[in-house]
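# Structural features, examined
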Amino acid sequence: MNTLLVVLALTQNPADTARWERQAHNVTIVRDDWGIAHVYGKTDADAVFGMEYAQAEDDFNRIETNYLNSLGRLAEAEGERAVFQDLRQKLFVDPDSLRAQYARSPVWLRKLMDAFADGLNFFLYTHPDVKPRVITHFEPWMALSFTEGSIGGDIERIDLRDLAALYGDSAAAGPRTDDGGFEPDPSGSNGIAIAPRLAANHHALLWINPHTSFYFRSELQMVSEEGLNAYGAVTWGQFFIYQGFNARAGWMHTSSGVDNIDEFLETKAAWSRKITVPFKTGQRTFTVQYTKRGPIVRKEGDRLVSVSLMWQPINALTQSYSRTKTRNIAEFEKIMELHTNSSNNTVFADADGNIAYFHSNYIPRRDTSFDWTRPADASNPATAYKGVLAFDETPNVVNPSSGWVYNSNNWPWSAAGEGASPARARYPRYVETGSEETARGYHALRVLAGKSGWTMSSLRDAAFDSYLPAFERMLPPLLAAYDGAAADSLKNKLAEPIAALRAWDYRWGSESVPTSLAVYWGGFVARRLAGDARAAGMSFMQYVATSRARPTDLLNALADAVDTLSANFGTWKTPWGTINRFQRINPDIAPHFDDAQPSIPVAFTASAWGSLAAFGARPYPNTKKWYGTSGNSFVAVVEFGDSVRAKAVTAGGESGAPRSPHFNDQAERYASGNLRDVYFYRSQLVGHTEREYHPGDLGPR
């Protein structure tokens, strides 16, 4: 042990440090030439210890922030403004309860949770220069607070303004933003699986394309001598591969439109408890009310409203980890019997040639005479849950006749194309809330239907296809509005922009002026009409496409687009790549952008317009250019044969440290969709290894 570790050891429990040191020697971390960690351990627990350590090396701040969120401790770091966010979490997450659940967890899972905490604590022990904001010591039970890697868990569906109005005051939760309901890049993802009979090499193919805020997950590999060998995207601080693959199977999660979180109208609470929420300069204590269905979270008129959602931490963590070791569809379906993958759909492929679309894995069985999108009357016994839907009662698709499955956060009724997808009439309304096909759904169907001879390259090309179906549907009403308008100054002003849009092929491109014009116009239209569209029960795309929008709204939105482009860039004839940029110049979770600093063009658009490759960008108060913060994050294509092959890219780079060569080394590849080889087998790392070490090695980094 070197001098630094001797000094550090004086502040630690000797039994802890000795255990950490022993486990560190069982772990080898290989950093490849992209800085990605390949973690090798004797046991699964060793691999967990090493992967947590490696993640902390890359971005400890994001790990701690995730646990500040999941434990309801964000206000301790960020002040009183986060109190109601913490209260919302603490309605469900109680440390004493989680400690008890940890104690009754199976031994194998406790070992993994122990390794999770030990790996992070060993990192802090060996890196005294890293100063946590709040959490200076991790405990094993904390892993049970964060069991599913989605960006935005079920608990976040509880409205903070309503919660604050019930237990405090609305102003304390912050202002309610109202942009008409338009979200330029809805959170979500694309997953595609191709059956061997449609593939050139007769191997199953899987496309993995989560849409999240950038840098929300790290990319790494976990390997042990106990059968673990998984690669993919890991949400910071968790100990399982969330989106990824092993040598025999792969899984891609997409956000689901299932209705599985319900509200109930209550006459009174059944019990209450006090919850204290500390913040930077003090604390607040709330008396929170509960019923057997869940906590009271708001009022509707004079009735209390409780919320019921899936909260089974042991089973959820078991399912999230165990699926990474499944080798075929039968094993994957067996794990699904835990029914705790609540907010996700899953696209699956395996080396045996199976492909599948699995709809949300937690759906309470309910009386279909009720509208479950509205609060149900808890006094009516018919509103009681009757278990959960079984596999055969859920709109899943396994090995369809079409030879492919996909999901892009749309409904399941087109998951395998016409004639091979689930029939909506067979299922309760609550299994899916979507009321129409989405823009990305139209796009996926267009690039998948009737195709064969698929390769990794052609699947990548399909996923980066430049077609924007939203505009193919929305522009004809605009053109009709222009053609029908009387001659005046507005019509004269819009003549040239209309001509550019009329001649456009509805495809994005860095040099495309019509892309710029259409995206700006679409944004102004959405902000004008999203509220009306929502009231009509449809998307703003459908609202415009079916000619419900007033012609003056469409024309005035185009005038706004022309004026804004001209004001910001000197002319409305500005190529899309001049506007739409990728920039990473600081490691903050809420990033800063600067038009004067280097950035690179991105040709693809937000997913709202139907772009499968998504880039959610916007201008900032100090910028005229648009900078992306969400959309494509980890992207991978996988081929399952006798051995597994994969290519991938991560937004920006693996490291969160600006001084690292891997902070932004993948930016150009990301922007162009130029995926790099994945080194899945140890032999592939030969010649591609930057550093090999044990956790705690204080050598050059």
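Each remark here, short or long, concerns the structure printed above.
Okay, the nonpolar core next. Formed by 89 residues in total, the largest nonpolar core has its most connected members in Tyr-67, Leu-87, Phe-116, Phe-138 and Phe-239. The dominant element in this core, judged by the number of residues it contributes, is helix H3 (residues 44-70), at 12 residues. With near-sequence residues (within four places) excluded, Phe-239 lies in contact with Val-48, Met-51, Glu-52, Leu-109, Leu-112, Met-113, Phe-116, Ala-143, Met-222, Leu-317 and Tyr-321. By size, the runner-up hydrophobic cluster in this structure holds 84 residues, among which are Ala-199, Ala-481, Leu-494 and Val-637.

What follows is about the packing of helix H13 (residues 469-484) against helix H14 (residues 489-502). Contact geometry for H13 and H14: axes closest at 11 Å, N-to-C directions at 145 degrees. Crossing hand, H13 versus H14: left-handed. Where H13 abuts H14, its residues Leu-475, Leu-478, Leu-479, Tyr-482 and Asp-483 lie against Lys-491, Leu-494, Ala-495, Ile-498, Leu-501 and Arg-502.

This part is about the sheet that holds strand S14 (residues 344-350). Spatially, S17-S15-S14-S8-S7-S6-S5-S2-S1-S26 is the arrangement adopted by the 10 strands of the open sheet, whose pairing is mixed. Since the sheet does not close on itself, it has two edges, and those belong to strand S17 (397-398) and strand S26 (689-693), each with one partner. Across 5 bridges, strand S2 (residues 37-41) lies against strand S5 (residues 217-224) in parallel orientation. Residue Val-39 lies in a different strand from S5, and its bridge partner there is Met-222.

Let's shift gears to the sheet that holds strand S9 (residues 262-266). Here we have 6 strands laid out as an open sheet, ordered S10-S11-S12-S13-S9-S16, and mixed in their pairing. Strands at the two margins of the open sheet, each flanked by one partner only, are strand S10 (271-279) and strand S16 (376-377). Together, S10 and strand S11 (282-291) form the strand contacts of helix H5 (residues 83-90), whose direction differs from that of S10 by roughly 140 degrees. Running at roughly 90 degrees to strand S12 (residues 294-300), helix H8 (residues 160-167) makes contact with S11, S12 and strand S13 (303-308) of the sheet.

Next up on the list: the packing of helix H15 (residues 513-535) against helix H17 (residues 551-569). For any two helices packed against each other, one specifies the crossing angle of their axes together with the interaxial distance. It is at 8 Å that the axes of H15 and H17 come closest, and there the two elements cross at 125 degrees. The angle between H15 and H17 places the two elements in the oblique class. Remark: the crossing between H15 and H17 carries right-handed chirality. Packed against H15, whose contacting residues are Ser-516, Leu-517, Tyr-520, Trp-521, Phe-524, Val-525, Arg-528 and Leu-529, the element H17 presents Asp-553, Leu-554, Asn-556, Ala-557, Leu-558, Asp-560, Ala-561, Val-562, Thr-564, Leu-565, Asn-568 and Phe-569 at the interface. Residue composition of the contact of H15 with H17, by class: 13 nonpolar, 4 polar and 3 charged.

This next bit is on the pattern of salt bridges. A full pass over the atoms with the stated rule returns 32 salt bridges. One salt bridge connects Asp-58 with Arg-31, and the closest N-O pair in it is separated by 3.0 Å. Of this pair, Asp-58 sits in helix H3 while Arg-31 sits in strand S1 (residues 27-32); the two residues are 27 residues apart in sequence, bridging distant segments of the chain. Arg-31 carries the same exposure label as Asp-58, and that label is buried.

Quick look at the packing of aromatic side chains now. Per the stated rule, a full pass over the model turns up 51 aromatic pairs. Ring geometry for Tyr-53 versus Phe-123: centroids 5.8 Å apart, planes at 80 degrees, classification edge-to-face. With a gap of 70 residues between them, Tyr-53 in helix H3 and Phe-123 in helix H7 (residues 107-126) connect regions that are remote in the sequence. Since its relative accessible area comes to 0%, Tyr-53 is described here as buried. Exposure remark for Phe-123: the relative accessible area of 2% places this residue in the buried category. Geometrically, the ring pair formed by Tyr-520 and Trp-626 is tilted, given 4.9 Å between the ring centres and 35 degrees between the ring planes. With a gap of 106 residues between them, Tyr-520 in helix H15 and Trp-626 in strand S22 (residues 626-632) connect regions that are remote in the sequence. For Trp-626, a relative accessible area of 14% puts it in the buried group. Against the face of Tyr-620 rests Arg-618, its NZ or CZ located 3.9 Å from the ring centre. Over the ring of Tyr-693 we find Arg-691; its NZ or CZ atom is 3.6 Å from the centre of that ring.

The topology assignment puts Ala-77 in helix H4 (residues 74-78). The buried category is assigned to Ala-77, whose relative accessible area is 10%. Taking the C-alpha atoms as reference, Ala-77 lies 35 Å from Val-602; in sequence the two are 525 residues apart.

Criteria and thresholds
Residues numbered from 1 in each chain as written. Predicted model: local features only at pLDDT ≥ 70, side-chain atom pairs only at ≥ 80, totals over all residues. Heavy atoms only, no water. Core = buried A, V, L, I, M, F, W, Y, C linked by side-chain atoms within 4.5 Å. Buried < 20%, exposed > 50% of the residue type's maximum accessible area, 1.4 Å probe, protein only. Helix = DSSP H or I, 4+ residues; strand = E, 2+ residues; numbered from the N terminus. Contact = heavy atoms within 4.5 Å. Axes fitted to C-alpha atoms, helices over the stretch in contact; angles between N-to-C directions. Left-handed = near helix turned anticlockwise from the far one by under 90°. Pairing = 2+ DSSP bridges. Parallel < 35°, antiparallel > 145°, perpendicular 65-115°, else oblique. Nonpolar A, V, L, I, M, F, W, Y, C, P; charged D, E, K, R; others polar. Salt bridge = Lys/Arg side-chain N within 4 Å of Asp/Glu carboxyl O. Phe/Tyr/Trp six-rings, centres within 6.5 Å; stacked < 30°, edge-to-face > 60°. Lys NZ or Arg CZ within 6 Å of the ring centre and 35° of its normal.

Read these as geometric descriptors, not functional statements.
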